[in-house]
Amino acid sequence: MKKVAIYGQSYSISAEKEIQILLDVLLDHNISCFIEKQFYDLLIEGNVLEKKYPTFSHFSDLNNSFDAIFTLGGDGTILRAVTYIRNLGIPILGINTGRLGFLATINKKAIKESVELVLKGEYTIQERTLLSIKTVPVLKEFNELNFALNEVTIARKNTTSMIGVRTCLNKEYLTNYWADGLIIATPTGSTGYSLSCAGPVVSPGSKNLVITPIAPHNLNARSMVISDETSIQLTIDSREKDFLISLDSRITSVPKNTKVYIEKANFSIKTITPNNQSFLQTLRSKLLWGEDTRNETNL
């Protein structure tokens, strides 16, 4: 590696020690570091940095000359970083400065060790599927950032009433979900919102998508796993004039007569996994699989 980007949360400094460790390792290997502008300004304001660094502030400031992008934060930080790299093919390595995440898997206590492994070439690259969205009528909110790494979510707005989500797969009618909403998740997103709504865990390399209803009225409505080559068409029935579309954490209010078309995006995101990490290891840690907690509670 010769040149990397660094992205972090820009609303508060919570990783002073971690950013210093990361920069020290990278500079020791003579790697050029570019820091996202708002994050950089926050670090300067907090007197965290000892020298000046070049910055970037938009997708157009990056290109394929960057060997990687490092994020400091959680899974949400990685989802925001994706909007900067888009289809450039720049691999992401997430350093978790809070609780363990499914995407930002590098423990803050193992930054030096993990980054050193990556710089030695001791890592794997995981290609992760994204979803793209189109609407009829066309909405300007989805002209540029019309993709999601985790999920596309349809949700009710400003009401306690359910919405109906008429769902077709490859133009064939599936069902009408009466629920608080509907989640279309990638394998990456299967461990996010979909999982909290009783959806299945899908390994990152699977060529699948997951359809998960949110608090469905029909108790026999269940999550469904489909091929990621499937095109999905959604029509919404709501008492309100609008409903919500969420692409990862980016939420837009749209008129209820809007038709939504979802399919696999024509590009993927590359994530870096050092050889001291794995998806199954993260699952065991996050979901406490294989842990015996019987002695930790009074039964």
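Residues numbered from 1 in each chain as written. Predicted model: local features only at pLDDT ≥ 70, side-chain atom pairs only at ≥ 80, totals over all residues. Heavy atoms only, no water.

- Labelled according to an unreviewed UniProt entry, the protein chain appears under the name NAD kinase, originating from Polaribacter filamentus.
- The protein chain has a UniProt comment under Cofactor (unreviewed entry) that states "a divalent metal cation".
- Word for word, the UniProt comment on the protein chain under Sequence similarities (unreviewed entry) is "Belongs to the NAD kinase family." (UniProt positions renumbered as here; feature names shortened; annotations may be inferred.)

## Points about the pattern of salt bridges
Then, number 1: Under the criterion given, the structure shown has six salt bridges.
Then, number 2: K37 is paired through a salt bridge with D41; the nearest N and O atoms lie 2.9 Å apart. Taken together, the residues span about one helical turn, with K37 and D41 both in helix 2 (residues 37-45) at a distance of four residues.
Then, number 3: A relative accessible area of 34% places K37 in the partly exposed class.
Then, number 4: In the salt-bridge network here, residues are joined through shared partners; they are D228, E229 and K264. (Salt bridge = Lys/Arg side-chain N within 4 Å of Asp/Glu carboxyl O. Helix = DSSP H or I, 4+ residues; strand = E, 2+ residues; numbered from the N terminus. Buried < 20%, exposed > 50% of the residue type's maximum accessible area, 1.4 Å probe, protein only.)

## A look at the domain arrangement of the protein chain
Then, number 1: Domain parsing of the protein chain yields domain 1 (3-122 + 275-295) and domain 2 (130-266).
Then, number 2: Computed over C-alpha atoms only, the centres of domain 1 and domain 2 are separated by 29 Å.
Then, number 3: Between domain 1 and domain 2, the residue contacts involve 11 residues of the former and 16 residues of the latter.
Then, number 4: Scanning the region where domain 1 abuts domain 2 turns up one salt bridge.
Then, number 5: With its nearest N and O atoms 3.0 Å apart, the salt bridge here joins R86 to E144.
Then, number 6: Linking domain 1 to domain 2 there are one residue pair in polar contact (both at pLDDT 80 or more).
Then, number 7: Elements that contribute at least two residues to the side of domain 1 that touches domain 2 include exactly helix 3 (75-85) and helix 6 (279-287).
Then, number 8: In terms of residue count, helix 3 provides more of the side of domain 1 that touches domain 2 than any other element does, four residues in total.
Then, number 9: Partitioning the side of domain 1 that touches domain 2 into residue classes produces seven nonpolar, two polar and two charged. (Domains from an automatic or database assignment. Contact = heavy atoms within 4.5 Å. Polar contact = N/O pair within 3.5 Å; in protein donor to acceptor, adjacent residues only side chain to side chain. Nonpolar A, V, L, I, M, F, W, Y, C, P; charged D, E, K, R; others polar.)

## Here we look at the UniProt feature "active site" (unreviewed entry) in the protein chain
Then, number 1: Using the residue numbers shown here, the UniProt feature "active site" (unreviewed entry) corresponds to D75.
Then, number 2: Structurally, the position occupied by D75 is in helix 3.
Then, number 3: Residue classification places D75 among the partly exposed residues on the basis of a relative accessible area of 22%.
Then, number 4: The contact partners of D75, leaving out residues within four places of it in the chain, are G101, F102, L103 and A104.

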